[in-house]
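The chain contents come next:
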Amino acid sequence: MANPWTGEVTLVIDAKPRVMKLTLGALAELEAQLGEDTIIGLVERFESGAFSSRDVLALIVAGLRGGGWRGGAQDLLAAEIEGGPVRAAQAAGQLLSRAFAQPDAREPTA
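Let us look at the structure shown here.

Secondary structure assignment for the protein chain yields 5 helices and 2 strands. What you see in the protein chain, going N to C, is helices and strands ordered as β-β-α-α-α-α-α.

Structure, rendered in structure tokens:
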């Protein structure tokens, strides 16, 4: 189970719960992959709802890698994500939120 106080988010991939976390290294990797000078551009895209599926995939991969997973985006192309693209986008948004703020007591912990 993920610990929201440490920035963790759980996503079920291929029927296995995976804990994701945006560590400093994962954030740096994410910036480089998305070609952003800062992570703020990505945060702004999520806040405005203007994010792409590429953004979601990059965040999920970065979060999984921050959680200790050693795979890459290619490994997720055929993976079954419980809750589909909507849950993946929610988890990506939670990752960003938890990386930069304390969790709200009302926020779901999944």
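Now that the structure has been shown, the text picks up again.
Turning to unusual backbone geometry, a few remarks are in order. Phi angles above zero are rare outside glycine, and Asp-14 is one such case at about 50 degrees. Mapped onto the elements of the fold, Asp-14 is located in the loop between strand E1 (9-13) and strand E2 (16-20). Positive phi outside glycine occurs at Ala-15, with the angle close to 65 degrees. The exposure class assigned to Ala-15 is exposed, which follows from its relative accessible area of 71%.

Further remarks concern the packing of aromatic side chains. The way to describe two aromatic rings as a pair is by their centre distance and the angle between their planes. Summed over the entire model, instances satisfying the criterion amount to 1 aromatic pair. Taking the centre distance of 4.3 Å and the plane angle of 5 degrees together, the rings of Phe-46 and Phe-51 count as stacked.

The set of residues buried in helix H1 (residues 24-34) consists of Ala-26, Leu-27, Leu-30 and Leu-34. End-on, the buried residues of H1 take up no more than an arc of 100 degrees, which puts them together on one face. The outward face of H1, more than 90 degrees from its buried face, is lined by the exposed residues Leu-24 and Ala-32. As for H1, its buried residues are in contact with helix H2 (40-48), helix H3 (53-66) and helix H5 (84-100). In the stretch just after H1, Gly-35 is the one whose phi turns positive, near 70 degrees.

On to the packing of H3 against H5. Between H3 and H5, whose axes approach to 9 Å, the crossing angle comes to 60 degrees. Taken together, the axis directions place H3 and H5 in an arrangement best described as oblique. In the crossing of H3 with H5, the sense of the turn from one axis to the other is left-handed. Of H5, the residues touching H3 (which contributes Val-56, Leu-59, Ile-60 and Gly-63) are Ala-88, Ala-89, Ala-91, Ala-92, Leu-95 and Leu-96.

Definitions and cut-offs
- Residues numbered from 1 in each chain as written.
- Predicted model: local features only at pLDDT ≥ 70, side-chain atom pairs only at ≥ 80, totals over all residues.
- Heavy atoms only, no water.
- Helix = DSSP H or I, 4+ residues; strand = E, 2+ residues; numbered from the N terminus.
- Buried < 20%, exposed > 50% of the residue type's maximum accessible area, 1.4 Å probe, protein only.
- Phe/Tyr/Trp six-rings, centres within 6.5 Å; stacked < 30°, edge-to-face > 60°.
- Arc of directions from axis to C-beta.
- Contact = heavy atoms within 4.5 Å.
- Axes fitted to C-alpha atoms, helices over the stretch in contact; angles between N-to-C directions.
- Parallel < 35°, antiparallel > 145°, perpendicular 65-115°, else oblique.
- Left-handed = near helix turned anticlockwise from the far one by under 90°.

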